[in-house]
Amino acid sequence: MNEFYPINEIETMTIRLEQPEDYREVEDLTRTPFAEKAKLMLRTERLTLRPWFESDADSLFKYASDPDVGPRAGWPPHNSMEESLEIIRTVFHNDSNWAIEFNATGEAIGAIGYGPSCECNLPAREGEPLCGYWVAKPYWNRGICTEALQTMLDYIRKTTDIQSLISGHFVDNPASGRVMEKCGFQPTGETCIDETQYQGKDRPIRVLRLELK
Ligand SMILES: CC(C)(COP(=O)(O)OP(=O)(O)OC[C@H]1O[C@@H](n2cnc3c(N)ncnc32)[C@H](O)[C@@H]1OP(=O)(O)O)[C@@H](O)C(=O)NCCC(=O)NCCS
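Residues numbered from 1 in each chain as written. Predicted model: local features only at pLDDT ≥ 70, side-chain atom pairs only at ≥ 80, totals over all residues.

*Asks:* What should I look at first to understand the pairing of strand S9 (residues 205-211) in this one?
*Replies:* In summary, the side chains of a regular strand alternate between the two faces of the sheet. Two elements, strand S7 (residues 164-170) and S9, share seven bridges in a ladder whose sense is antiparallel. Counterpart to His-169 in the pairing with S9 is Arg-206. Two elements, strand S8 (residues 186-192) and S9, share four bridges in a ladder whose sense is antiparallel. Bridging across to S9, Thr-191 finds its partner in Arg-206. (Pairing = 2+ DSSP bridges. Helix = DSSP H or I, 4+ residues; strand = E, 2+ residues; numbered from the N terminus.)

As structure tokens, this is what we get:
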């Protein structure tokens, strides 16, 4: 059973991360005020999905500069710690993107989130969010991404009225499709090309959808 912790301020979060016993558990998420839902940490035995902190820049650079990670997901490897810091300050700075922290080490080892699909080329329904993720290579094939995705989906089901999510993976990256399928996504039967993705030209994307309601 996953646990959910509301956190209101970034400063408070930093302190509370050092003192996990201070976290307040919410038993019924549907009764949590909206303002509190906005910044939640989602915790499982192995993982904590939490906001990105600027202090994560070194681990983000370490793992996101790996040429085997970003290009599989349609983005270029990070070139410098400054670039990783800028990604934390911009791309990751919202309420629907989480760092995947490995509880045993406290290190951010991946990212997961959802957001508007309008900028990508997937055949999304009107307003249908897109979800995405990556995990650092040393942690692959240990069920970590599946656990993180299941946790985020649990949260979305409990706290939003999102009807469905769309996602896709390059056909040459079947592991990602396997993660989606393990979490209930179904292939729509469509493939598409998205040239806005890094190395997206000539790389078909297999489209999957999860019906939430
Ligand atoms: C895709 C990715 C997120 C998976 O993370 P992970 O933590 O290793 O995922 P899990 O361990 O939960 O599940 C991986 C599944 O893929 C399977 N798999 C691994 N390599 C595979 C391959 N070449 N072909 C088919 N399945 C494969 C694993 O066996 C496992 O399935 P199983 O549990 O049925 O055995 C990770 O490889 C990654 O970050 N890749 C680079 C970025 C990326 O691709 N992001 C997604 C973009 S759409």
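*Asks:* What's the story with unusual backbone geometry in this structure? I'm lost.
*Replies:* Trans is the common state for peptide bonds, and a negative phi is the common state for residues other than glycine. Despite not being glycine, Asn-141 shows a phi value in the positive range, around 60 degrees. Taking the number of C-beta atoms within 10 Å as the measure of exposure, Asn-141 has 10 and is therefore exposed. Here the phi dihedral of Asp-202 falls at roughly 65 degrees; this positive angle occurs in a residue that is not glycine. Structurally, the position occupied by Asp-202 is in the loop between S8 and S9. What makes Asp-202 exposed here is the crowd of 7 C-beta atoms within 10 Å. (Buried ≥ 20, exposed ≤ 12 C-beta atoms within 10 Å, placed from the backbone.)

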